[in-house]
Amino acid sequence: MPIDFSAPSLVVARALIGASVFVDGVGGTIVETEAYDQTDPASHSHAGHTARNAAMFGPPGRAYIYRSYGIHWCMNFVCEPEGHGAGVLIRALEPTAGIERMRERRGLDALTLLCSGPGRLCQALAVTHELDGMRLDRKPFRVVARRPDAAVTVQAGVRIGISKSRELPWRFVLAGSRYLSKPMR
DNA sequence: TGTATGATCGCCT
DNA sequence: GGCGATCATACAG
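Residues numbered from 1 in each chain as written. Chains lettered and ligands numbered in written order. Predicted model: local features only at pLDDT ≥ 70, side-chain atom pairs only at ≥ 80, totals over all residues. Heavy atoms only, no water.

A.B. asks: Where do I start with the packing of aromatic side chains in this structure?
C.D. replies: On inspection of all chains with the given rule, the structure shows 2 aromatic pairs. A centroid spacing of 5.9 Å and a plane angle of 90 degrees characterise the contact between Phe5 and Phe77, whose relative ring orientation is edge-to-face. Here the residue Phe5 occupies a position in the segment before helix H1 (9-15), and Phe77 occupies one in strand S4 (residues 72-79), the gap between them amounting to 72 residues. With a relative accessible area of 11%, Phe5 lands in the buried category. (Phe/Tyr/Trp six-rings, centres within 6.5 Å; stacked < 30°, edge-to-face > 60°. Helix = DSSP H or I, 4+ residues; strand = E, 2+ residues; numbered from the N terminus. Buried < 20%, exposed > 50% of the residue type's maximum accessible area, 1.4 Å probe, protein only.)

As structure tokens, this is what we get:
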């Protein structure tokens, strides 16, 4: 069953734990996500439509990619019906495919540092603004839902690196994963 | 193991 | 002019 990206970002963020994402065949299992939507002061979409966040207000099932701190790229999957300004930030992967290419791009050997953080995983998967607004069901993307019978334990907690709406438990992780950007407290 | 800092882009006030 | 949905490095204890 494909993932229903027209669902609320909280539902999609939870459903994505244990799913997989690949860009040109390089990627792995999603182990950490965060939900954002227009009601949320921490979201880029909160203040409305701008050139940067346009993809968030477009159709669901596409990528929203933005530059973070002027240096890194971060990738979201757009959710909810078109115009709602919601998305899920992909924060960490467990690498499973194209690991040598990730190592070259990251200049690192340590498996746990290749994709454990939103900026790191974009560098490892060569994600840039060129993919902003692109459909997730077309090349170069491939998103594979977790198996319905998969035994995954999803843990919820507060999001990382934000100053507004800090208390909302909108971060989701695969319990016990070694590949998180930070351990769940 | 932790705290501090610089890099540097786009949007906002 | 200020501030991030970050990360790597430098240093202290």
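A.B. asks: Is there a simple way to explain the protein's contact with DNA strand B in this structure?
C.D. replies: Thr50, Ala51, Arg52, Arg67, Tyr69, Gly70 and Ile71 make up every residue found near DNA strand B. Here, DNA strand B places atoms within 4 Å of the protein, and 61% of those atoms are sugar or phosphate. One of the backbone nitrogen or oxygen atoms of Arg52 is found 3.1 Å away from a phosphate oxygen of DNA strand B. Within the contact set of DNA strand B, a base oxygen lies 3.1 Å away from a backbone nitrogen or oxygen of Tyr69. Each residue belonging to the surface near DNA strand B can be placed in one class, and the counts come to 3 nonpolar, 2 polar and 2 charged. (Near = heavy atom within 4 Å. Polar contact = N/O pair within 3.5 Å; in protein donor to acceptor, adjacent residues only side chain to side chain. Nonpolar A, V, L, I, M, F, W, Y, C, P; charged D, E, K, R; others polar.)

A.B. asks: How should the pattern of salt bridges be read in this particular structure?
C.D. replies: Pairing is possible between side chains of opposite charge, provided their charged atoms come close. One pass over the structure, following the stated rule, counts 7 salt bridges. Residue Arg91 is joined to Glu34 by a salt bridge in which the shortest nitrogen-to-oxygen separation is 3.6 Å. Residue Arg91 is found in strand S5 (residues 86-97), and its partner Glu34 is found in strand S2 (residues 26-36); the two are separated by 57 residues along the sequence. Accessibility expressed as a relative area gives 8% for Arg91, which makes it buried. Asp137 is paired through a salt bridge with Arg135; the nearest N and O atoms lie 2.8 Å apart. On the basis of relative accessibility, which here comes to 53%, the residue Asp137 falls in the exposed class. Taken together, the salt bridges that share partners define one network made up of Glu32, Glu34, Arg91 and Arg171. (Salt bridge = Lys/Arg side-chain N within 4 Å of Asp/Glu carboxyl O.)

A.B. asks: Quick question: what am I supposed to make of the state of the cysteines here?
C.D. replies: Working definition: the covalent bond between the sulfur atoms of two cysteines is a disulfide. Enumeration according to the criterion identifies 0 disulfides in this entry. The cysteine Cys79 is free of any disulfide, with Cys122 supplying the nearest cysteine sulfur at 16 Å. With no disulfide of its own, Cys115 lies closest to Cys122 among cysteine sulfurs, the gap being 9.5 Å. (Disulfide = S-S within 2.5 Å.)

A.B. asks: Just checking my understanding: could you explain the side chain of Arg171 for this structure?
C.D. replies: Mapped onto the elements, Arg171 comes out in strand S8 (residues 171-174). Overall, Arg171 belongs to the buried group, its relative accessible area being 2%.

A.B. asks: So what exactly am I meant to see when it comes to the pairing of strand S3 (residues 63-68) here?
C.D. replies: Of all 6 residues in S3, 5 are buried; the element is thus mostly enclosed. By the bridge criterion, 6 bridges tie S3 to S4 in an arrangement that is antiparallel. Directly across from Tyr66, in S4, lies its bridge partner Cys74. In sequence, S3 turns back onto S4 through a hairpin of 3 residues, with Tyr69 there showing a positive phi of about 55 degrees. (Pairing = 2+ DSSP bridges.)

A.B. asks: Mind showing me how you'd approach the protein's contact with DNA strand C here?
C.D. replies: The environment of DNA strand C is made up of 21 residues, and the closest members are His72, Asn76, Arg106, Arg120 and Gly161. Counting only atoms of DNA strand C within 4 Å of the protein, the fraction found in sugar and phosphate groups is 56%. One of the side-chain nitrogen or oxygen atoms of Ser68 is found 3.3 Å away from a sugar or linking oxygen of DNA strand C. In the environment of DNA strand C, a phosphate oxygen lies 3.2 Å from a nitrogen or oxygen atom belonging to the backbone of Gly161. Those elements giving two or more residues to the surface near DNA strand C turn out to be S3, S4, S5 and helix H3 (118-124). Considering every element that reaches the surface near DNA strand C, the biggest residue donor is H3, with 3 residues. Of the residues that constitute the surface near DNA strand C, the class distribution is 9 nonpolar, 9 polar and 3 charged.

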